[in-house]
Amino acid sequence: MKTIIANWKSNKNEHDVTTWLDIAIPKLKASPHEIVIAPPFPFLSLVKNYISQHGAKNIKLGVQDLSPYPAGSYTGAVGTKNLEGLSVLYAILGHSERRSHFHESEQEIANKVREAGISGITPILCVTRQNITSLANALGKIDPTQIIIAYEPVDHIGTTLTDSLENILGTKQLAKEAFGKTRYIYGGSVNPKSDQDILTHTEIDGFLIGMASLDPQEFTSIVNEF
Ligand code: PGA
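Residues numbered from 1 in each chain as written. Predicted model: local features only at pLDDT ≥ 70, side-chain atom pairs only at ≥ 80, totals over all residues. Heavy atoms only, no water.

Q: Before we move on, can you summarise the site of the ligand with the specific residues and values?
A: Around the ligand, the neighbouring residues are Lys9, His95, Glu152, His156, Ile157, Gly158, Gly188, Ser189, Leu208, Ile209, Gly210 and Met211. Backbone polar atom of Gly158 to an oxygen atom of the ligand: 2.7 Å apart, as the coordinates give it. Here Met211 contributes a backbone N or O atom positioned 2.8 Å from an oxygen atom of the ligand. Calculation on the ligand without its partners gives an accessible area of 280 Å², and the protein chains cover 99% of this total. Residue classes in the shell around the ligand are distributed as four nonpolar, six polar and two charged. (Near = heavy atom within 4 Å. Polar contact = N/O pair within 3.5 Å; in protein donor to acceptor, adjacent residues only side chain to side chain. Areas by Shrake-Rupley, 256 points an atom, 1.4 Å probe, with all protein chains shown as cover. Nonpolar A, V, L, I, M, F, W, Y, C, P; charged D, E, K, R; others polar.)

Shown next as structure tokens:
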């Protein structure tokens, strides 16, 4: 079973979300894989209700970020307290777009991971080859069974080409040395035409999909590759 995450980033309005769900959910709920939808925060309730009304038990909810702080006076921040009751199981943390556009530091990412852990949300920690070791140091001791490592090579995000299988597997080894034996997924330009050797490789536990998750047909056709 793979974990396949749709990261919609800062795309879609309410109408787009409903259209996507109407097309994709009937197909996705028949999949043997775990599907995670990570919509923008305002659509969490909408997606949660849709999933439960359609009895789509293999489809889970994720967020694209989290506050590094507990509940309190942090205007604009969305923390784990705010997510209670919304059935959020995963949080994508430390994405390169957060690091470059919002100047997230490794210490902030580590604090977000800690906040997620306290509330039982599984962090999907995005790493590159360059920051694996320093992120692991910033995190300190973690339980590797409670985290997913997502290898996200910046040069391959939002393009048309995935990284090579060799690099993906090589980075898995680096991740294992840094974090221990975690679930390990890949993200960066995965699309229905991606190399079958990558999509079906047993050492890769899933995929984080941006661009190709926006279109419901394209996303469901990737899920059907497995
Ligand atoms: P992409 O995005 O699939 O559009 O490359 C992946 C990501 O940013 O996680």
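Q: Tell me about the sheet that holds strand 3 (residues 59-63), and name the residues and values.
A: Across a sheet, paired strands are connected by hydrogen bonds in the backbone, their directions being either parallel or antiparallel. Strand order in this closed barrel of eight strands is 1-2-3-4-5-6-7-8, and the pairing throughout is parallel. On average, each strand axis in the sheet is tilted by 25 degrees relative to the strand beside it, whichever way the strands run. Bridge count for strand 2 (residues 34-38) against strand 3 is three bridges, and the pairing is parallel. Residue pairing across strands places Val36 opposite Lys60, the latter belonging to strand 3. The sheet strands contacting helix 5 (residues 106-119) are strand 4 (88-93) and strand 5 (122-127), and the helix crosses strand 5 at an angle near 160 degrees. (Pairing = 2+ DSSP bridges. Helix = DSSP H or I, 4+ residues; strand = E, 2+ residues; numbered from the N terminus. Axes fitted to C-alpha atoms, helices over the stretch in contact; angles between N-to-C directions. Contact = heavy atoms within 4.5 Å.)

Q: Tell me about the side chain of Ser31, residues and numbers included.
A: Within the secondary structure, Ser31 is located in the loop between helix 1 (14-28) and strand 2. Residues contacting Ser31, with those up to four places away along its chain left out, are Asn58 and Val223.

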